[in-house]
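Spelled out from the first residue to the last, the chains are:
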Amino acid sequence: MNRAGLFILACLSPSACVFDTSNLYQQELNPGISDGSPDSLGDSGIAPIDAPLGTPDANNNDAAEPPVDPCDESLTELVLCMQFEDTASATTLLDESQYSNNATVSNATFGAGQDGQALQTDGTFDSVISKSASLDTTDELTIEMWINPDRDVSDARWGLFDNNGQYGFFLANGNRLRCSTSGGPNVTTAGAVIAPLQWQHVACVYDGNSILLYVNGTEVASANGSGQMATNGTDGSTLAQNSPDGDEYHGRLDTLRVWNLARSRAELCAGANLACP
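Now for a description of the structure that goes with this document. Values in this document were obtained by computation on a predicted structure and should not be read as measured data.

Right, let's get into the overall build of the protein. Each helix and strand counted, the protein has three helices and 16 strands in total. A separation of at least 24 residues holds for 58% of the contacts in the protein among residues at least 6 apart in sequence. Summing over all exposed atoms, the protein offers an accessible surface of approximately 13,800 Å²; the carbon and sulfur share of this is 49%.

Attention now goes to the pattern of salt bridges. Taken as a whole, this structure holds five salt bridges when the rule is applied. Linking Arg257 and Glu144 is a salt bridge whose minimum nitrogen-to-oxygen distance equals 3.5 Å. One end of the pair, Arg257, is in strand β16 (residues 250-259); the other, Glu144, is in strand β7 (residues 141-149), and 113 residues separate them in sequence. Of the residues examined, Glu144 reaches a relative accessible area of 1% and is grouped as buried. For Asp247, the salt bridge identified is with Arg157, shortest N-O distance 2.8 Å. Pair noted here: Asp247 is in the loop between β15 (237-239) and β16 and Arg157 is in strand β8 (residues 157-163), with a separation of 90 residues, a long-range link. One network of salt bridges, with partners in common, ties together Glu144, Arg257 and Arg263.

Our next topic: the nonpolar core. Core analysis: the largest hydrophobic core is formed by 42 residues, its most contacted members being Met145, Phe161, Phe169, Leu239, Leu256 and Val258. Among the elements that make up this core, the one with the highest residue count is β7 (four residues). Excluding residues that lie within four positions of it along the chain, Phe161 makes contacts with Leu80, Ile129, Ile143, Met145, Tyr167, Gly168, Phe169, Ser237, Thr238, Leu239, Leu256 and Val258. Of all hydrophobic cores here, the second largest spans five residues; its members include Ala203, Val205, Leu212 and Leu268.

The next subject is the packing of aromatic side chains. Two numbers describe a pair of aromatic rings. These are the distance of the centres and the angle of the planes. According to the stated counting rule, one finds one aromatic pair in the structure shown. Judged by centre distance (5.9 Å) and plane angle (85 degrees), the rings of Trp158 and Tyr249 are edge-to-face. In this pair, Trp158 sits in strand β8 while Tyr249 sits in the loop between β15 and β16, placing the two residues 91 residues apart along the sequence. Judged by its relative accessible area of 1%, Trp158 is buried. The exposure class of Tyr249 is buried, given its relative accessible area of 1%. Over the face of the ring belonging to Trp259 we find Arg263, whose NZ or CZ atom lies 4.1 Å from the ring centre.

What follows covers the state of the cysteines. One pass over the structure, following the stated rule, counts three disulfides. Covalent S-S linkage joins Cys71 and Cys81, the inter-sulfur distance amounting to 1.9 Å. Its torsion about the S-S bond being -65 degrees, the disulfide of Cys71 and Cys81 is classed as left-handed. With Cys71 in the loop between α2 (22-29) and β1 (78-82) and Cys81 in strand β1, this residue pair connects regions lying 10 residues apart in the sequence. Judged on exposure class, the residue Cys71 and its partner Cys81 are both buried. Two residues share a disulfide in this structure: Cys179 and Cys204, whose sulfurs sit 2.0 Å from each other.

This part takes up empty space enclosed by the protein. Tallied over the entire structure, the rule returns two cavities of 30 Å³ or more. Looking at the largest cavity, its volume works out to about 50 Å³. As for the largest cavity, its lining consists of Met82, Gln83, Phe84, Glu85, Asp86, Leu93, Leu94 and Glu96. In the lining of the largest cavity, the residues fall into four nonpolar, one polar and three charged.

Parameters at a glance
Sequence order sets the numbering: in each chain, residues are counted from 1 along the sequence as written. Restriction of local features to residues with pLDDT of at least 70 applies here, the model being predicted, together with a cutoff of 80 or more for giving and counting side-chain atom pairs; totals for whole chains, interfaces and linings are based on all residues. In computing side-chain properties, one takes all heavy atoms of the structure into account and sets aside hydrogens as well as water. We count a stretch as a helix when DSSP gives it H or I for four or more residues in a row; a strand needs E for two or more, and each element gets its number in order from the N terminus. For this analysis, residues touch if any pair of their heavy atoms sits within 4.5 Å. Accessibility throughout is a Shrake-Rupley quantity obtained with a 1.4 Å probe, and a residue counts as covered only by protein chains that appear here. Salt bridges are defined as contacts in which a side-chain nitrogen from Lys or Arg sits within 4 Å of a carboxyl oxygen from Asp or Glu. Burial here depends on accessible area, computed with a 1.4 Å probe over protein chains only, as a share of the maximum for the residue type. Under 20% is buried, over 50% is exposed, and the range in between is partly exposed. Working definition of a nonpolar core: buried Ala, Val, Leu, Ile, Met, Phe, Trp, Tyr and Cys residues. They are joined through side-chain atoms within 4.5 Å. Stacked, edge-to-face and tilted labels apply to pairs of Phe, Tyr and Trp rings (six-membered ring for Trp) whose centres lie within 6.5 Å, assigned for plane angles under 30 degrees, over 60, and everything in between, in that order. Over a ring means this: the NZ of a Lys or the CZ of an Arg is within 6 Å of the ring centre and within 35 degrees of the ring normal. Here, the term disulfide refers to a pair of cysteine sulfur atoms separated by no more than 2.5 Å. Throughout, the protein atoms alone are placed on a 1 Å grid, and a set of points is a cavity if a 1.4 Å probe fits but cannot get out or a pocket if it is open with protein on both sides within 12 Å along at least five of seven lines; lining residues have an atom within 4 Å of a point. Grid points are joined across faces, edges and corners, and a volume is the space filled by probe spheres set on the points. The nonpolar class holds Ala, Val, Leu, Ile, Met, Phe, Trp, Tyr, Cys and Pro. Asp, Glu, Lys and Arg form the charged class, and all remaining residues, Gly among them, are polar.

The following block contains the structure:
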């Protein structure tokens, strides 16, 4: 029952009831309209509909939580994080994790990203991240990113992220997805799972007992296998290509993250703001 109905019930005799319902009627039609003062029922004023986001409202409700930082430097397990927003230098891509695994690059261009700005490559891009102990994960691994290929994959493979001789994440011929480890298992999807000209979140996860591939939070392939990943590579790592060179990716790439642990499906979905069932 609405507030006007409560007033009617309270009035046994019409002559005994004199009140102005104009403002109340407006509030019933649009709860965002209020003078901010208590009404005749003793309720507090309704908060304006355009109360600033992230601040307490007129009823002192909790403030909205700030957005999660994809590159939170306090996360020691996050060993590489690139959002491609800082493009002050055309020769360096910044790693925003606490490890500063910056990439030295050439022929870098940028386009509209899944969120903000993205790295855009056309086959001439070249990159290298120097050999880093922080990227020498042995027991567990997660590589995740947003990709938007500009065509079907007709070559043998395109590199997404590769730590030469240790582990790598690739697109394979026929729009398939592949992840490989040296010392651990490898996995490739049986058929096409990647679509060109649209954004999709992809991830490779190795937990020490199996390796799994995800697209938009859905598992698309897995393989059992164990073993420690090698750490004796000397060429460093690359993004959007094979390490040390070749197999160049074509398209846009955004929010690249590498972890030295196995992230769960729920963590992948939450971290990428995916509405996973």
